[in-house]
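Topology and contacts: notes
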Amino acid sequence: GLAALEQEQWREARPWLEEAERLAREDDLPEVRWRALEGLGRIAAAFDGDEDGARRLFEQAIDASEAQLATLRNRADAAAHGARRADMLGKLLDGA
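In this report, we go over the structure that sits alongside the text. (Residues numbered from 1 in each chain as written. Predicted model: local features only at pLDDT ≥ 70, side-chain atom pairs only at ≥ 80, totals over all residues. Heavy atoms only, no water.)

Turning next to helix α4 (residues 51-69). Given a rise of 1.5 Å per residue, 19 residues ought to cover 27 Å, and the 26 Å separating the end C-alpha atoms of α4 matches this to within 8%. The set of residues buried in α4 consists of Gly53, Ala54, Leu57, Phe58, Ala61, Ile62, Ala64, Ser65 and Gln68. (Helix = DSSP H or I, 4+ residues; strand = E, 2+ residues; numbered from the N terminus. Expected span 1.5 Å × (residues − 1). Buried < 20%, exposed > 50% of the residue type's maximum accessible area, 1.4 Å probe, protein only.)

Put into structure tokens, the structure is as follows:
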């Protein structure tokens, strides 16, 4: 899903990201979940033109990301996590 998204293949990316989000939610995989939600937010914004939907998805991604951050005990892991989610926070602020 993310590979298709990077190539702007919106229609191909969406079902993969929706499935990834569903499985991540069921199996408690927060990083997979927030990355899938962030990707779905990008699709909502760029392909669908749905700013409100994109904002909701980005907010859900941030919530999942923050829940993951709370579980990280190692400073290096937390710093790497912060770097990976910085782009997502920027997208949410851009839409504000």
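Moving on, there is more to tell.
On to the side chain of Glu21, then. By the secondary structure assignment, Glu21 is in helix α2 (residues 10-27). The exposure class assigned to Glu21 is buried, which follows from its relative accessible area of 9%. Filtering out sequence-adjacent residues up to four positions away, Glu21 remains in contact with Arg33, Ala36 and Leu37. (Contact = heavy atoms within 4.5 Å.)

With that settled, the discussion passes to the nonpolar core. Within the largest apolar cluster, 16 residues are counted, with the highest numbers of intra-cluster contacts made by Leu5, Ala13, Leu17, Ile43 and Leu57. Breaking this core down by element, the ones donating at least two residues are α1 (2-6), α2, α3 (30-46) and α4. No other element matches α3, which puts six residues into this core. Beyond its immediate sequence surroundings of up to four residues, Leu17 is in contact with Gly1, Leu2, Leu5, Ala36, Gly39, Leu40 and Ile43. (Core = buried A, V, L, I, M, F, W, Y, C linked by side-chain atoms within 4.5 Å.)

Before going further, it helps to spend a moment on the packing of α2 against α3. At their nearest, the axes of α2 and α3 sit 8 Å apart, and the two run at 150 degrees to each other. When the axes of α2 and α3 are compared, the pair comes out roughly antiparallel. Here α2 and α3 pass one another in a crossing that is left-handed. Contacts between α2 and α3 involve Trp10, Ala13, Arg14, Leu17, Glu18, Ala20, Glu21, Ala24 and Arg25 from the first element and Val32, Arg33, Ala36, Leu37, Gly39, Leu40, Arg42, Ile43 and Ala46 from the second. For the contact of α2 with α3, the per-class residue count stands at eleven nonpolar, one polar and six charged. (Axes fitted to C-alpha atoms, helices over the stretch in contact; angles between N-to-C directions. Parallel < 35°, antiparallel > 145°, perpendicular 65-115°, else oblique. Left-handed = near helix turned anticlockwise from the far one by under 90°. Nonpolar A, V, L, I, M, F, W, Y, C, P; charged D, E, K, R; others polar.)

Here we come to the environment of Pro30. Examined against the element boundaries, Pro30 turns out to sit in helix α3. Its relative accessible area of 28% is what places Pro30 among the partly exposed residues. Considering only alpha carbons, one finds Pro30 and Ala67, 37 residues apart in sequence, at a separation of 7.5 Å. The contact partners of Pro30, leaving out residues within four places of it in the chain, are Ala64 and Gln68.

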